[in-house]
Amino acid sequence: MGFFDALQTAMESLARNKLRSFLTTLGVIIGVASVIVMVALGHGAEEAVRSQFRGLGSNELTVVQPIRVGVEGSVRPARPITFEEARGLKDLPSIASVKVSLAGGGKVVRGRESLDSVSILGVPADWNIDQDPNYVAVGEFFGEYDVEDRARVAVVGKTVAEHLLPGENPVGQEIRINRLRFLVIGVIRELGRPDPRVDPNNQVLIPITTATADLFGKDRSVSVRVQVRNEREIDAVTEAIESYFREAHDIPPDRQVDVEVFGAREVTRAQQEAAATFALLLVGMAVVSLIVGGIGIMNVMLVSVTERTREVGVRVAVGARQRDIVVQFLIEAVSLSLSGGLLGVAAGILSIPSLTSYKPGLAAVLTWQSIPQASIVALLVGIVFGLYPAVRASRLDPVDALRYE
Amino acid sequence: MSGEIVEAQGLSKLYRKGRLDVPALRLATLSVQRGEFVTIMGPSGSGKSTLLYMLGCLVQPTGGVYRLEGRDVTRLRGDEVAQVRCSRIGFVFQSFHLLPGLSAQRNVELPSLYKGRTRFERRERARKLLERVGLGGRLGHRPGELSGGEAQRVAIARALMNDPVLILADEPTGNLDSVTGREIVALLRQLSEEERAVVMVTHDAEIAGHWTDRVLHMRDGVLMEG
């Protein structure tokens, strides 16, 4: 039987049981959709981590709060690193400067216009100290008093200004960040784009105290970047920072301190480890969900073969070869899994925006490779789980099959 | 053209039932000529269906030799047997065995799907065959929308699709009333007169005696002439 005739036969048979066909593919749809979402979230998280550590120099250290997994497997966050604690690091010896910030994402609204995933950066007043004098193009940067007062003021990037406040002086206008009102006091000059995927102008700077208290919650650690005077002092400073936090967080000497100090070396290694762990997790999830989906397909195909025993008998009697019967049922199984795969990709892509808007700060980066990958995997699932029912159909005794009631 | 279509010698079939070998057919020998219409009669379980399906290459004999048009088809491999069934043999069944989801025309086309003709050729031939069996106006009807006699005509048209030399009919009138049954047998009679052989299993002695050239009897797996 020609391929198109076999395809037509398969489609007609699936169309006769629309609900059943759909429910069967649902397993694959859900499996593929969740893998697509997880891959996108994984890429998003990786991207976020990378941008956090981007440009970490050889004489720089960063302090992060590790996520501890407790004995029962529960995730127990350590005590967060506060802005005040981070600022206190300046007084340690051998430290040239400390840069503190708190990054997140948010929706920025003005009137009826809105921008969805804007990078919101909480920073202290001295943030632009090492930038060029024209860093703020219009208006001014916020001062020490704004940080003290947790003022609702914002300095916006070029992209935000052009989108939400076109053709007017942005300074003195009001915007809403995640539903909170902010007064725009300045606009940053247009910044270059070293990475075409990231727009550095799509950001809003606000006082770091406001970000902690009002926007992102007090339980989030600020990110700290420490510049060491001399590269040779890296190890000594690492130890000094650890004991500083041991004291600040009241950690007894017999327990591990609840912060981690990273240099450029450690960051690269930790990133690779995290990526490998995540990839493994992802593969595991994909395998489990596709096996579940595949078993569903196999089950329905076995039912279908039983229901159509007489049809198989008739087809063999009029001249079908075993191969023709195998191909016919295999095409049906593959059609189920492949359409499940494609619908799953669509469902995954469509559900990403609602996920990221539900939890701001969650980043998702979709890669186009996911689509052919998901399709090929779905195809294989159909072949693997469709083969047994198809072969079983082809081995039916034709005379028994013709007499089957 | 004349000559033997079916030439069978000493065909036997043993079925294993548990630890026993049960003979369904013992040393059946028969020959059917081109243009002949032969009936096999016998009580249920006498082995007549086994013989018929053996002649249709759906059952492999455990002994004996079967020649179809002079070619030994007793021990052909799977694909070769399928090839023989596809192009040399046409089946007609008691309960029609049409595929319920397909129109009459698509049902008739079915055997040609396995012979590789173009879609257009298939359609044309199926249409002509349905016209020939008097169902030119029923091309798009599903089997559920046809009467028993009409369904059996569709089945006969299907059996003719690949122009076989041997038509095997397994109680084709069993599910029909006597008038319709006679029409179907008359149609089969016509087919046998077109350079084909027709072998039919039936319970109806009147049909067998009145319409067919020769009647064979079977009892307990043994085939008897006359």
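For the rest of this paragraph, the subject is the overall build of chain A. In terms of helices and strands, chain A carries 12 helices and 12 strands. Classification of the 405 residues of chain A by burial places 36% in the buried group. Counted over contacts in chain A with a minimum sequence separation of 6, partners at least 24 positions apart contribute 80%.

This part takes up the overall build of chain B. Looking only at helices and strands, chain B features seven helices and 10 strands. Taking all 226 residues of chain B together, the buried fraction comes to 47%. Long-range contacts, defined as pairs at least 24 residues apart, comprise 72% of the intrachain contacts of chain B with a sequence gap of at least 6.

Quick look at the confidence of the model for chain B now. Of all residues in chain B, 99% attain a pLDDT of 70 or more, and the chain-wide mean is 91. Interface confidence in the predicted complex, given as ipTM, is 0.94; pTM for the same model is 0.70.

It is worth spelling out the interface of chain A and chain B at this point. Taken together, the contacts link 18 residues of chain A with 20 residues of chain B. Those elements giving two or more residues to the side of chain A that touches chain B turn out to be helix 1 (3–16), helix 9 (309–317), helix 10 (322–358) and helix 12 (398–403) of chain A. No other element matches helix 9 of chain A, which puts four residues into the side of chain A that touches chain B. Residues of the side of chain A that touches chain B, tallied by class, amount to eight nonpolar, three polar and seven charged.

A few words now on helix 1 of chain A. Residues and elements named next belong to chain A. Over its 14 residues, helix 1 runs 20 Å from end to end, which matches the ideal 20 Å to within 8%, given 1.5 Å per residue. Turning to helix 1, its buried residues number three or more, namely Thr-9, Ala-10, Ser-13 and Leu-14. Considered in projection along helix 1, the buried side chains sweep an arc of 130° and stay on one side of the axis. In this structure, helix 1 carries Phe-4, Ala-15 and Arg-16 as exposed residues pointing more than 90 degrees from its buried face.

Moving on to the environment of Ile-95 of chain A. Residues and elements named next belong to chain A. Here Ile-95 is to be found in strand 4 (residues 95–110). Considered as a pair, Ile-95 and Asn-230 are 135 residues apart in the sequence and their alpha carbons are 8.6 Å apart. Ignoring anything within four residues of it in the chain, the contact list for Ile-95 reads Leu-89, Lys-90, Val-226, Val-228 and Val-237.

Residues in a regular strand project their side chains so that they alternate between the two faces of the sheet. Residue and element names in this part refer to chain B. Relative to strand 2 (residues 20–33), strand 1 (residues 4–17) runs antiparallel, the two sharing 10 bridges. From the neighbouring strand, Glu-4 faces strand 2, where its bridge partner is Gln-33. Between strand 1 and strand 2, which follow one another and run antiparallel, lie two residues, and Gly-18 among them has a positive phi close to 65°. Sheet topology places strand 1 next to strand 4 (residues 63–68); five bridges connect them, and they run antiparallel. In the sheet register, Gln-9 faces strand 4, and the bridge partner there is Val-65.

Residue and element names in this part refer to chain A. Axis separation between helix 10 and helix 11 (residues 370–394) bottoms out at 7 Å; the angle between their running directions is 150°. Considering their axes alone, helix 10 and helix 11 lie roughly antiparallel with respect to each other. Helix 10 and helix 11 meet at a crossing whose hand is right-handed. Among the residues making up the contact of helix 10 with helix 11, the classes are represented as 23 nonpolar, 10 polar and no charged.

So, about the packing of helix 8 (residues 264–307) of chain A against helix 10 of chain A. Residues and elements named next belong to chain A. Their axes nearest at 10 Å, the elements helix 8 and helix 10 cross at an angle of 145°. Where helix 8 crosses over helix 10, the two elements pack in a sense that is right-handed. Contact with helix 8, carried on its side by Gly-293, Ile-297, Met-301 and Val-305, involves Phe-329, Glu-332, Ala-333, Leu-336, Ser-337 and Gly-340 of helix 10 and no other residues of that element. Residue composition of the contact of helix 8 with helix 10, by class: six nonpolar, three polar and one charged.

Turning our eyes to something else, we now look at unusual backbone geometry. Residue and element names in this part refer to chain B. Even without a glycine there, the phi angle at Glu-171 is positive, about 45°. The phi torsion at Glu-195 lies on the positive side, around 65°, for a residue other than glycine. Take Glu-195: it is sitting in the loop between helix 6 (178–192) and strand 8 (197–201). Under the C-beta neighbour-count criterion, Glu-195 is labelled exposed, with 12 such atoms within 10 Å.

Residue and element names in this part refer to chain A. Looking at where Asn-202 falls in the secondary structure, it is placed in the loop between strand 9 (180–188) and strand 10 (203–207). Sequence separation of Asn-202 and His-163 is 39 residues, and the distance between their C-alpha atoms is 9.7 Å. With residues up to four places along the chain from it excluded, the contact list for Asn-202 reads Val-118, Ser-119, Gly-157, Thr-159 and Val-160.

Cut-offs used in this document
- Residues numbered from 1 in each chain as written.
- Chains lettered and ligands numbered in written order.
- Predicted model: local features only at pLDDT ≥ 70, side-chain atom pairs only at ≥ 80, totals over all residues.
- Helix = DSSP H or I, 4+ residues; strand = E, 2+ residues; numbered from the N terminus.
- Buried ≥ 20, exposed ≤ 12 C-beta atoms within 10 Å, placed from the backbone.
- Contact = placed C-beta atoms within 7 Å.
- pLDDT = per-residue confidence, 0-100.
- Nonpolar A, V, L, I, M, F, W, Y, C, P; charged D, E, K, R; others polar.
- Expected span 1.5 Å × (residues − 1).
- Arc of directions from axis to C-beta.
- Pairing = 2+ DSSP bridges.
- Axes fitted to C-alpha atoms, helices over the stretch in contact; angles between N-to-C directions.
- Parallel < 35°, antiparallel > 145°, perpendicular 65-115°, else oblique.
- Left-handed = near helix turned anticlockwise from the far one by under 90°.

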